[in-house]
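Overview (structure and organization)
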Amino acid sequence: MSDGTDIRCDVLIIGAGLAGGSLARQLSLEQPDLEIVVVDRVTEFPPGLDEASGEEFSNYANRVLRIGPYLRKHHHVSSGTRYFFDSRERDVPIDRMSEIGGLSPHPIPTYLIDRPAVEQALCEMNRRNGVRVLLGTTVLNCGPDESPAEAISLDAERGHRVRTSAGVITCRWLVDAAGEASPLTRMLDLVAEDDRNPIAAAWGRFEGCASLDDLGDKAWRRRVPHWGRASSMTYFMYRGYWIWLFPVSETTCSMGVVFDRRHVRPELGSPEELLAFLREHRALGEILGPSPRPLSYGSRARFARFARQQVSQERWFLTGNAGTVLDPMFASTSWLFTENNKLIGEFIKAERGGRGHQLPGMVHHFGIRTRSRYEKLLNSPGHYLAKGSFDTWSAWLALRNRVYYNRIVPDAFEDHRILLTFARTHGTDCQCDDQVMGGKLSRLLKSADRLTEEFTGLLDRWGMFYSGNDGMFLDSRSFDQDEVLMAKVHQRRDWALELPADERTYEIFCRTLVRRLIEISGADWDETRFKAVFDPDWDGHQPLEELYRGTLGHERPTPHRS
């Protein structure tokens, strides 16, 4: 071409992984006249950090990407999420470890996906849809000591130009889905260091593992009769860290250790060190079996990454780990890129539909959304300590899941209707930033973190942190299949119903904490006294010990140590 362009397209996506591949398929289905090119430096997708899909991605995959049949045929349909709790010495047999999990699967299906297989399948699907997928193609000048600005020229009017090993590609819209190697975030200096979430991880895949359903005694296996436990996303919870167990095939599993460097720093710098650390835990040693064979290994030193701008009127966008990286528990990766992909699609539709006047408001409100998600999902300093106690984690998890099904899932299932309405009508001169960043939900979550840390502190003072970790079982259907919240999930989102639901959630949370303290103390529960002293306004910052003492109605008895 006369201007030096070798390939011209409407949309160029850098990165063919799960985020970029999903966006390419979404755009090719929703706007089939777009010319889309995807480039990626790899020719085969390596195993990475394995995590389950959340409800947001499952809904997106089934309804928007239309890959539900593929996922059901080639990957595990998850039988839910399970949490196991151990002793301080990490020696409790698995059938005695306290457990949180459903007795039957959740009504909203999720998947345990073999990520490299899905990424390869998306490449093939995208090619069939007319997307030009160029694997083994690098963006030039993106090495550690090189400047991406020498390869990428941003020009919203005449087209962005990207120099690649396949030639110069000119596009109208540029999407960076290249993960933490993101050239745009380096070029535009969009990511600042953030020490508030000092989470690190190491993981691997191992051949020769035992199935969860082959462990334990018959009574334990019969407790979950519907699908068993083997196809669950399973977490083993410890003070300062947690370990995931993810089935890849009948005899291959993914295991990873995620830890808070403020509390623990295990030696996990090689597959051998990772395997040795896992074997220090009795239950995980049983799963690994006598001679597991490492198939892959990976690590990450930091799980706090946020690009301060992820959409631009200048027609560039970020998605996936290029934009936000957070703690991998709760499938945050697939949740966040699903949201970004949908919003990128709306941005391109608006501009193509002659609604350019809406773009400033969309950029403004999308920015509020991405920042809000990041700030609300950062862990408090004591959060990883609470993970190791069945008593502490069960209360916090129930609150988190109720908020999730009250607000997050309905928002995702209706494709962020309220956000888009505000973005299209408010412009940039509105109070949405203050209302979202400092709103009732944000303050509820901070209050829950404070009370959780106070609860952990009381258990530590009493020497009872591990008191609930042996032989307890909590059916998670009591909070993640709550009838009131499940009735809302598939209905049109109604803000008027969300605050009362959050208020109910907060009361249940506080009652759970106080009731357990009363139980540990050996006293009798008195609902009337609890109601009399409970302050339903979480902005009142009621101390947990005040609520506990008020519910007792007299001086606290000495807890019975176990």
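Each chain has its residues counted from 1, running along the sequence as written. Under the rules for a predicted model, residues below a pLDDT of 70 receive no local features and side-chain atom pairs below 80 are neither given nor counted, while totals for whole chains, interfaces and linings still include all residues. For the side-chain quantities, the full set of heavy atoms in the structure was used; hydrogens and water were omitted.

In this section: the pairing of strand β9 (residues 160-164). Residues His160, Val162 and Thr164 of β9 are buried on one face, while the alternating residues Arg161 and Arg163, pointing to the opposite face, are not. Where strand β8 (residues 152-153) meets β9, 2 bridges bridge the pair, whose relative direction is antiparallel. Following the sheet pairing, isoleucine 152 is matched in β9 by valine 162. In this antiparallel pair of consecutive strands, β8 and β9, the connection spans 6 residues, and glycine 159 shows a positive phi of 110°. In the sheet, β9 pairs with strand β10 (residues 167-176) via 5 bridges, with the strands oriented antiparallel. Among the inter-strand pairings, histidine 160 is bridged to a residue of β10, identified as cysteine 171. Paired strands, in this sense, are two strands between which DSSP finds at least two bridges. Numbered from the N terminus, helices here are DSSP runs of H or I no shorter than four residues, and strands are runs of E no shorter than two. If you look at the hairpin formed by β9 and β10, you'll find 2 residues sitting between the two strands. The buried label applies to any residue whose accessible area, calculated with a 1.4 Å probe on protein chains only, is under 20% of its type's maximum; exposed applies above 50%, and partly exposed to all values in between.

Another point: the nonpolar core. Residue types Ala, Val, Leu, Ile, Met, Phe, Trp, Tyr and Cys, when buried and joined through side-chain atoms within 4.5 Å, form a set referred to as a nonpolar core. Counting residues in hydrophobic clusters, the biggest one holds 30 residues, and the most contacted among them are Val11, Ile13, Ile36, Val38, Phe317, Ile348 and Phe366. Those elements that provide at least two residues to this core are β1 (7-14), α1 (18-30), β2 (36-40), β10, α9 (332-352), α10 (359-377) and α13 (417-425). Among the elements that make up this core, the one with the highest residue count is α9 (5 residues). Any two residues whose heavy atoms approach within 4.5 Å at even a single point are treated as in contact. Setting aside its immediate chain neighbours within four residues, isoleucine 36 contacts Val11, Ile13, Ala24, Leu27, Ser28, Val131 and Arg132. Counting residues in hydrophobic clusters, the runner-up holds 29 residues, among them Met97, Cys209, Met255 and Ala283.

A positive phi is found at aspartate 189, a non-glycine position, where the angle reads about 55°. Positive phi outside glycine occurs at histidine 541, with the angle close to 55°. You can call histidine 541 exposed: its relative accessible area is 52%.

With a 1 Å grid spanning the protein atoms alone, the term cavity applies to any set of points in which a 1.4 Å probe fits but cannot get out, the term pocket to an open set with protein on both sides within 12 Å along at least five of seven lines, and the term lining residue to any residue with an atom within 4 Å of a point. Grid points are joined across faces, edges and corners, and a volume is the space filled by probe spheres set on the points. Evaluated as defined, the whole model comprises 4 cavities of 30 Å³ or more. In this structure, the largest cavity occupies an estimated 110 Å³ of space. Forming the walls of the largest cavity are 15 residues, and the residues nearest its centre are Gln310, Thr324, Leu336, Phe337 and Asn340. Among the secondary structure elements, those contributing two or more residues to the lining of the largest cavity are α9 and α10. Top element by residues in the lining of the largest cavity is α9. It accounts for 5 residues. When the residues that make up the lining of the largest cavity are grouped by side-chain class, the tally is 3 nonpolar, 9 polar and 3 charged. Each pocket or cavity is described by its volume, and for the second largest cavity that value is around 60 Å³. Leu18, Asp50, Glu51, Ala52, Ile113, Arg115, Thr333, Ser334 and Phe337 are the residues that line the second largest cavity. Looking at the lining of the second largest cavity, the element that brings in the most residues is α9, giving 3 residues. Looking at the lining of the second largest cavity residue by residue, the classes come out as 4 nonpolar, 2 polar and 3 charged. Residues were grouped as follows: Ala, Val, Leu, Ile, Met, Phe, Trp, Tyr, Cys and Pro as nonpolar; Asp, Glu, Lys and Arg as charged; and all remaining residues, including Gly, as polar.

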